[in-house]
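Residue-level structural notes
Each chain is listed here by its residues.
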Amino acid sequence: MTFADRFQEIRTGFERPFWVANISELFERLSYYAAFASLARYLHETLNFGVKQAGSLTGLFGGLVWFLAAFGGTLADRLGFRRSLSLAYFILSCSYFLLGSLGAPWLAPVRNAMPLGVLVTIVLMLPALGIALVKPCVVGTTARASKENVRSIGYYTLVNIGGAAGPYVASWVHQHISVENVFRVAALSVFAMFFAVLLLFKEPRRFDEAQTVNLAQAAKNFVTVISNPRFMIFLLIFSGYWIVYWQEFIILPLYIHDYINPKTDTELILVTGPLTVISLQMLVSFLTQRIPAFSAITLGTLISGLAWVILIIHPTVPMAILTLFTVSLGEITQSPRYYEYISRLAPSGQQGTYMGFAFLPIGIGSLIGGWFGGVLIHHFGEVTHQPSRIWCAVTAVGVASAALLWIYDRVMTSKSNLPVRAGSVSE
């Protein structure tokens, strides 16, 4: 196929609902990553939380959505994509506005009525409700309103553009206005998408596809998944990758500001990861296509874990950027192959159920990573005054996760003496 033929495929491969849904998610991702990029420092410097609690709360913000995503599709199917998306963006706009207004005088009666930590926890949980609705709607619309040979390119590219734009917007707003307004701009971004969906989005055509399960069946599926020890052990081990990965949002901004250079634009350097993914995803996928899926997952985990050694050796802002670049190389090495492996790991007829819970390590990694990062920066930064040891611990988790994945593969492979069958973990 020539380049012209491929360009024609891409140009004609998407229907209008695809563009409306995915461009709206681009702005949703912009809002999410703008808020995430500023959140740790906002909690610590503006709302005066200690670094340990700021880390835990930041992890909560990043983690809860992935637990709700498995059930969001049920509600989206019942309401329809148009109503679900508009409801999601309305919830998100209110949530981000409240997050940016936690210190505002008009919220003083609420602040006085409960501990600030409780109030912040409640507000940080609200965006998860909206995002858990956005994901299944956009994925479902993409499946219905695009051709299979161009689907992944369009979806993945637009999501990462939003991921790159978010920290950039957060940087500009923080530097020129105030950090509180980062969250208000995020609210405005998704509020605009509320109207865009109502005015422009048409429910995509429904083809012969399986109905989304009801809540009772979703709960039953959850029990099915957690009762599979092989699958659960793999998910728990792989959560170590995400514990390491999320530190770039949870404690890296605090570390750079407190221990390298307080004038550093910590939001702006977080653009590094998404730009790396956009630029190098196709190249890395080509270079690693002959590597077995599980080996690619293990290699990506190891690369992202060892990346933090760069910051241990030379703790400067340029080396922090190089660290983020290397972490992203690990991400694009493992990420596409991870979902490929999950689809193989699932027993016959249960691929959809298992793929629905493939996001659990992301949530587990963020929740544990928030607590873990907060403990590290408090202990090694504020107590022992050895901040470089923060990254020794993070690296140790990454390397240990890669080692456990390797052991898991060897053990599971050695047990598979029978011919490979559906649901076997063998490659």
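For the structure given in this document, a descriptive report is provided here. As the structure is a computational prediction, the values presented were derived from the model and not from experiment.

Some remarks on the overall build of the protein chain
Assigned secondary structure in the protein chain consists of 20 helices and 0 strands. Of all 427 residues assigned to the protein chain, the portion counted as buried reaches 53%. Nonlocal contacts in the protein chain, meaning residues at least 24 apart in sequence, comprise 84% of its contacts between residues at least 6 apart.

Examining the packing of helix α2 (residues 16-46) against helix α4 (residues 81-100)
Look at α2 against α4: their axes get within 12 Å of each other, and the N-to-C directions meet at 20°. Relative to α4, the element α2 is oriented roughly parallel. Relative to α4, α2 is oriented so that their crossing is left-handed. For the pair α2 and α4, the contacting residues are A21, S24, E25, E28, S31, Y32, A35, L39 and Y42 in the first and L85, Y89, L92, Y96, L99 and G100 in the second. Class assignment of the residues belonging to the contact of α2 with α4 gives a composition of 10 nonpolar, 3 polar and 2 charged.

A few points about empty space enclosed by the protein
In this structure the tally under the stated criterion is 1 cavity of 30 Å³ or more. Computed from the structure, the largest cavity encloses a volume of approximately 30 Å³. Lining the largest cavity are F238, W242, Q334, S335, Y338, Y339, A358 and I362. Counting only elements with at least two residues in the lining of the largest cavity, the list comes to α10 (229-245) and α17 (317-345). Here the lining of the largest cavity takes 4 residues from α17, the largest share from any one element. Among the residues forming the lining of the largest cavity, the class breakdown is 6 nonpolar, 2 polar and no charged.

Comments concerning unusual backbone geometry
Even without being glycine, N48 reaches a positive phi, approximately 65°. Phi at H385 is positive, roughly 55°, even though this residue is not glycine. Following the sequence through the fold, H385 ends up in the loop between α19 (360-383) and α20 (388-415).

Let's talk about the environment of L280
Topologically, L280 is positioned in helix α14 (residues 272-287). Look at L280 and you get partly exposed, because its relative accessible area is 23%. In the structure, L280 is positioned 52 residues away from I332 in sequence and 8.0 Å away in space, judged by C-alpha atoms. Beyond its immediate stretch of four places on either side in the chain, L280 contacts F325, L329 and I332.

Considerations on the environment of L268
Inspection of the secondary structure puts L268 in helix α13 (residues 266-269). For L268, a relative accessible area of 37% puts it in the partly exposed group. Separated by 99 residues in the primary sequence, L268 and V169 place their C-alpha atoms 8.4 Å from one another. Excluding residues within four positions of it along the chain, L268 makes contact with P167, Y168 and S171.

Quick look at the pattern of salt bridges
Pairs can form between side chains of opposite charge whenever their charged atoms are close. Considering all chains together, one arrives at 3 salt bridges under this definition. We note a salt bridge from E28 to R29, for which the minimum N-O separation is 2.9 Å. E28 gets classed as buried once you look at its relative accessible area, which sits at 0%. Looking at R29, the relative accessible area reads 3%, which means it is buried.

As for the packing of aromatic side chains
Within this structure, the stated rule accounts for 31 aromatic pairs. For the pair Y255 and W391, a centre-to-centre distance of 5.2 Å together with 90° between the ring planes defines the contact as edge-to-face. Of this pair, Y255 sits in helix α12 (residues 252-260) while W391 sits in helix α20, and the two are 136 residues apart along the sequence. Taken individually, Y255 and W391 each receive the classification buried, so the pair is uniform in this respect. Taken together, a centroid distance of 4.9 Å and an interplanar angle of 70° make the contact between F294 and Y341 edge-to-face. Taken as a pair, F294 in helix α15 (residues 293-306) and Y341 in helix α17 lie far apart in primary sequence, 47 residues in all. The residues F294 and Y341 share a single accessibility class, namely buried. Above the plane of the ring of Y32 lies R29, whose end atom (NZ or CZ) is 4.3 Å from the centre.

So, how was this worked out
- By convention here, each chain's residues receive numbers from 1 onward along its written sequence.
- Restriction of local features to residues with pLDDT of at least 70 applies here, the model being predicted, together with a cutoff of 80 or more for giving and counting side-chain atom pairs; totals for whole chains, interfaces and linings are based on all residues.
- To get the side-chain values, take all heavy atoms of the structure and skip hydrogens and water.
- Under the DSSP-based scheme used, a helix requires at least four consecutive residues in state H or I and a strand at least two consecutive residues in state E, with every element numbered from the N terminus.
- For the exposure calls, accessible area comes from a 1.4 Å probe over protein chains only, and a residue counts as buried if that area is under 20% of its type's maximum, exposed if over 50%, partly exposed in between.
- Contact between two residues is taken to exist if any of their heavy atoms lie within 4.5 Å; hydrogens are not considered.
- Axis lines are fitted through C-alpha atoms, for helices just across the contact stretch, and the angle between N-to-C directions can take any value from 0 to 180 degrees.
- Each angle is binned into one of four classes, with values under 35 degrees roughly parallel, values over 145 roughly antiparallel, values of 65 to 115 roughly perpendicular, and all other values oblique.
- Helix crossings get a hand from a simple test, with the near helix turned counterclockwise from the far one by less than a right angle marking a left-handed crossing and a clockwise turn marking a right-handed one.
- Residue type decides the class: Asp, Glu, Lys and Arg count as charged, Ala, Val, Leu, Ile, Met, Phe, Trp, Tyr, Cys and Pro as nonpolar, and the leftover types, Gly among them, as polar.
- Here a cavity is any set of points on a 1 Å grid over the protein atoms alone where a 1.4 Å probe fits but cannot get out, and a pocket is any open set with protein on both sides within 12 Å along at least 5 of 7 lines; a residue lines the site when it has an atom within 4 Å of a point.
- Grid points are joined across faces, edges and corners, and a volume is the space filled by probe spheres set on the points.
- Salt bridges are defined by distance alone: a side-chain nitrogen of Lys or Arg within 4 Å of a carboxyl oxygen of Asp or Glu.
- Pairing of aromatic side chains requires ring centres within 6.5 Å, counting the rings of Phe and Tyr and the six-membered ring of Trp. Pairs whose planes differ by under 30 degrees are stacked, by over 60 edge-to-face, and all others tilted.
- Remark: a charge is flagged as sitting over a ring if the NZ atom of Lys or the CZ atom of Arg is within 6 Å of the ring centre and within 35 degrees of the ring normal.

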